[in-house]
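Here is how the chains run, residue by residue.
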2 protein chains.
Amino acid sequence: MADNASGSDSLLFLTDDQLRKGIEAMFFAYRGFTADPDRILEGLDYGRAHHRAIHFIHRAPGMTVSSLLGILGVTKQSLNRVLRTLFDDGLVEARVGKTDKRERRLHLTDKGASLERALSDAQRARMRAAYRAAGPQAVQGFRTVLEAMMDPEMRRQYQGLREDSP
Amino acid sequence: MADNASGSDSLLFLTDDQLRKGIEAMFFAYRGFTADPDRILEGLDYGRAHHRAIHFIHRAPGMTVSSLLGILGVTKQSLNRVLRTLFDDGLVEARVGKTDKRERRLHLTDKGASLERALSDAQRARMRAAYRAAGPQAVQGFRTVLEAMMDPEMRRQYQGLREDSP
DNA sequence: CAAACTACGTCAGCCTTGTTGACATTGTAA
DNA sequence: TTACAATGTCAACAAGGCTGACGTAGTTTG
């Protein structure tokens, strides 16, 4: 790492000004990142919190409530408020755990999967456009830096499990 | 999409799975991105909203309220609640505009500048570590993708003005 | 088996930060 | 002078965080 780029400019990318640029880039880009799903959710009585729950339930069907809590990093009271509306509206269903009956394994219903698709189509469209505009090299770098920016515990979640692994 | 396979490296980075990875990377990385300043702010009676205001006032001293509104993308009522506490606590001061006396040009006081430094030191430390771990090439890609992800209007803000330009 | 622990749900109350809508004040510009 | 612009402010509301306390099943352990 930190090998030189052209002659001696090696560490110029670590100047405070470059870092500030990176910080602001995160701020402005995150707004774009959430803008399209937010537009879909507004008026539906759902918010970003619902989107996050739906996303991760889709990504790992059969996930327990507590592993979802771990990924989202919120309290169970907060998550529960969201999950309750998703149950009531028939977007998510909870199946009692097979080996451990205390667990609720979370699954999207067809209706939930359909909303998930709408949301992630919108979000992916922007991501795809950005990826395409930037090119594969840039995408590689993008992911590398983001990964290095995560807390170690979150990095584990990120690289983590499809199902669950006790 | 999902056209040709390997031949060239061509489009494999645009698969839905790669895009999902990128989406989750944004989610987890943004948490890390805000974690350190949040820790400093907690207990100080300030939140992320105060941090953002302080950051942009520092970046462009003499900024008017309405251009700050434009950058932050919130309502004036919401911003005002934040600015009021910053005035009251003597972190920010407003000077009446020279040519247009309706304007309030915002500046950090010494006290404000000192909090700004604490916050941005913390945030830069993480960013610097990530940059260093990833290397200059990756950083270049990181910025390129983020920039492509912004809404055009935000991109203008991002690349934008130091002072203001009427 | 009984006791302790775990997974989950829920009630109640609080905080920050966003929103609308309405209205006032002070300048500037036509 | 009249219209518009920049700012502040009051009030009410919503989303989505938080803490603390308590309840109920089900599992594990001594």
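Right, let's walk through the structure included here. No experiment lies behind these values; they were computed from the predicted model shown. (Residues numbered from 1 in each chain as written. Chains lettered and ligands numbered in written order. Predicted model: local features only at pLDDT ≥ 70, side-chain atom pairs only at ≥ 80, totals over all residues. Heavy atoms only, no water.)

With that settled, the discussion passes to the interface of chain A and chain B. Opposite the 60 residues of chain A that make contact, chain B presents 59 residues. Taken over both partners, the interface formed by chain A and chain B buries close to 6300 Å², and the fraction arising from carbon and sulfur atoms is 73%. For the chain A face of the interface with chain B, the top three residues by lost area are A:Ile23, A:Phe28 and A:Met149, together amounting to 11%. Taken together, chain A and chain B are joined by 8 salt bridges. One salt bridge in this structure joins B:Arg126 and A:Asp151, with 3.0 Å as the shortest N-O distance. (Contact = heavy atoms within 4.5 Å. Buried area = accessible area lost by both parts, 1.4 Å probe. Salt bridge = Lys/Arg side-chain N within 4 Å of Asp/Glu carboxyl O.)

Close contacts around DNA strand D come from 25 residues, with A:Arg52, A:Thr75, A:Arg81, B:Ser66 and B:Lys76 the closest. Backbone polar atom of B:Val65 to a phosphate oxygen of DNA strand D: 3.4 Å apart, as the coordinates give it. A distance of 3.1 Å separates a phosphate oxygen of DNA strand D from a polar side-chain atom of B:Asn80. Those elements that place two or more of their residues in the surface near DNA strand D are helix H2 (48–59) and helix H4 (76–88) of chain A together with helix H3 (65–72) and helix H4 (76–88) of chain B. Residue classes in the surface near DNA strand D are distributed as 3 nonpolar, 11 polar and 11 charged. (Near = heavy atom within 4 Å. Polar contact = N/O pair within 3.5 Å; in protein donor to acceptor, adjacent residues only side chain to side chain. Helix = DSSP H or I, 4+ residues; strand = E, 2+ residues; numbered from the N terminus. Nonpolar A, V, L, I, M, F, W, Y, C, P; charged D, E, K, R; others polar.)

Here we take up the relation of the copies chain A and chain B. With an axial shift of 0.0 Å and an RMSD of 0.1 Å, the rotation relating chain A to chain B amounts to 180°. What the superposition gives is, in effect, a two-fold axis relating one chain to the other. Across chain A, the rotation axis passes nearest the C-alpha of A:Phe142, at a separation of 1.8 Å. Here 97% of the interface residues in chain A have copies in chain B that are interface residues too; the copies meet face to matching face. (Least-squares fit on C-alpha atoms with pLDDT ≥ 70 in both.)

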